[in-house]
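# Architecture and fold: a report
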Amino acid sequence: MKYTIFKLFFKKGLRIGNIHLDSNQIEISADILFSAIVNEAASMGEEKCAEILELFMKDRLIISDAFPSIKDELFLPKPLISNFEDSGDSNEKKAFKKLKFIPLSKWEEFINGKSNPDELNQLFSNFGTSELNTKIKHSISGEHDIYNISYFRFQANSGLYFLLGYELDSDYEKFEELLHDLSFTGIGGKKSSGWGSFVFIEIDTPKELLNRLNTPNSNMLLTTSMAKESELKFIFEKDCSYRVSRRGGFIYTENKNAINDNTKRKQTMHFFKSGSIFDKRFEGDIFEIGKGFSHSVYRYGKPMWLEV
């Protein structure tokens, strides 16, 4: 499989929500990116949608979560290993705990327990800031609701990147075309306000990253994902360290006039977060979560692995 990296630079900001309107997450989970790409394909017709779905389902396309990048530095999720927490210094332990992402250039130092957590936190300090917008929901009755909505504004030369794995150049071209169209549509919430639209560039995957991708010894998730039911009883037979992310959201259907006329809550699932460690790997799946709805709805849960 071939790998490439797409770096996304957001023009106004990005709203990737969780349960609360007044908070948001920085990274974009692969299932959100997958849904955005498939929805973009669906807007071009059923044939285009079925085509891109087939590529993902047959593993001819795989994607990671989207992680931070600052200038030329790529950041990876902090692996859930404990060798760096052996220090007796409480301040150092707090600094390590604060870390969420590790720069690729400092990866080896971190894994070998030789990194300075304050230095790593400082490198990430110029990424951007979470901001709040105050909104008013007007009512005919005069009882207006005031609420805050959070979004992330990136500093100059900062953005997100994700890895794309592909089998054939033709598979890559179909994905890249949809990503180009998505850059204008936007990703995440409040797209009508301009949030989520982006420009993107493509870069080669650095060798120090490429040589660790999906090797026989790869054991860290780069994709927020989940094992098949048949795999769950096996992955806990060996050592693992993981965190779980609740995956929810809504399904929207537009009628022929492009008006949303049907909204339904997606089936809630819990996925293993990127950075989780499993000595027994799993294949995951693309889960159908829209049973009983007017069309099929899927959640991407196939992992990309990194050797730690």
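Residues numbered from 1 in each chain as written. Predicted model: local features only at pLDDT ≥ 70, side-chain atom pairs only at ≥ 80, totals over all residues. Heavy atoms only, no water.

## Structural notes on the overall build of the chain
Across its full length, the chain carries eight helices and 19 strands. Within the chain, the fraction of its 308 residues that count as buried is 46%. When contacts within the chain are restricted to residue pairs at least 6 apart in sequence, long-range pairs at least 24 apart make up 72% of them. When the accessible surface of the chain is split by element, carbon and sulfur atoms take 46% of a total near 16100 Å². (Helix = DSSP H or I, 4+ residues; strand = E, 2+ residues; numbered from the N terminus. Buried < 20%, exposed > 50% of the residue type's maximum accessible area, 1.4 Å probe, protein only. Contact = heavy atoms within 4.5 Å. Areas by Shrake-Rupley, 256 points an atom, 1.4 Å probe, with all protein chains shown as cover.)

## Structural notes on helix α6 (residues 169–185)
Its 17 residues give α6 an end-to-end C-alpha distance of 25 Å, which sits within 8% of 24 Å, the value for a rise of 1.5 Å per residue. Buried residues of α6: Asp171, Tyr172, Phe175, Leu178, Leu179, Leu182 and Ser183, and no others. Taken down its axis, α6 places every buried residue within 150° of arc, on the same side. (Expected span 1.5 Å × (residues − 1). Arc of directions from axis to C-beta.)

## Regarding the pattern of salt bridges
Summed over the entire model, instances satisfying the criterion amount to 11 salt bridges. Here arginine 247 makes a salt bridge to aspartate 31, at a shortest N to O gap of 3.0 Å. Residue arginine 247 is located in strand β12 (residues 244–247), and its partner aspartate 31 is located in helix α1 (residues 30–42); the two are separated by 216 residues in the primary sequence. In this pair, the class of arginine 247 matches that of aspartate 31, namely buried. (Salt bridge = Lys/Arg side-chain N within 4 Å of Asp/Glu carboxyl O.)

## Section: the packing of α1 against helix α2 (residues 46–57)
The contact between α1 and α2 brings their axes to 7 Å, and the two run at 150°. It follows from the interaxial angle that α1 and α2 lie roughly antiparallel. For the pair α1 and α2, the crossing hand works out as right-handed. In this structure, α1 uses Phe34, Ile37, Val38, Ala41 and Ala42 to contact α2, whose residues at the interface are Lys48, Cys49, Ile52, Leu53 and Phe56. The residue inventory of the contact of α1 with α2, partitioned by class, reads nine nonpolar, no polar and one charged. (Axes fitted to C-alpha atoms, helices over the stretch in contact; angles between N-to-C directions. Parallel < 35°, antiparallel > 145°, perpendicular 65-115°, else oblique. Left-handed = near helix turned anticlockwise from the far one by under 90°. Nonpolar A, V, L, I, M, F, W, Y, C, P; charged D, E, K, R; others polar.)

## Regarding the nonpolar core
Among the nonpolar cores identified, the biggest contains 65 residues, and Phe56, Ile63, Phe162 and Phe175 are the most heavily contacted of them. Per-element accounting of this core gives the leading share, seven residues, to α1. Among the nonpolar cores identified, the runner-up in size contains 13 residues, and Leu221, Met269, Phe287 and Val297 belong to it. (Core = buried A, V, L, I, M, F, W, Y, C linked by side-chain atoms within 4.5 Å.)

## Quick word on unusual backbone geometry
A positive phi angle, near 70°, is found at asparagine 157, a position not held by glycine. In this structure, asparagine 157 sits in the loop between β7 (145–154) and β8 (158–166). Note on asparagine 157: relative accessible area 49%, which makes it partly exposed. One non-glycine residue with positive phi stands out, namely asparagine 214, at about 50°. With respect to the helices, strands and loops of the structure, asparagine 214 is situated in the loop between α7 (207–210) and β10 (220–221). Looking at asparagine 214, the relative accessible area reads 29%, which means it is partly exposed.

These results come straight from atomic positions and should not be treated as a statement about function.
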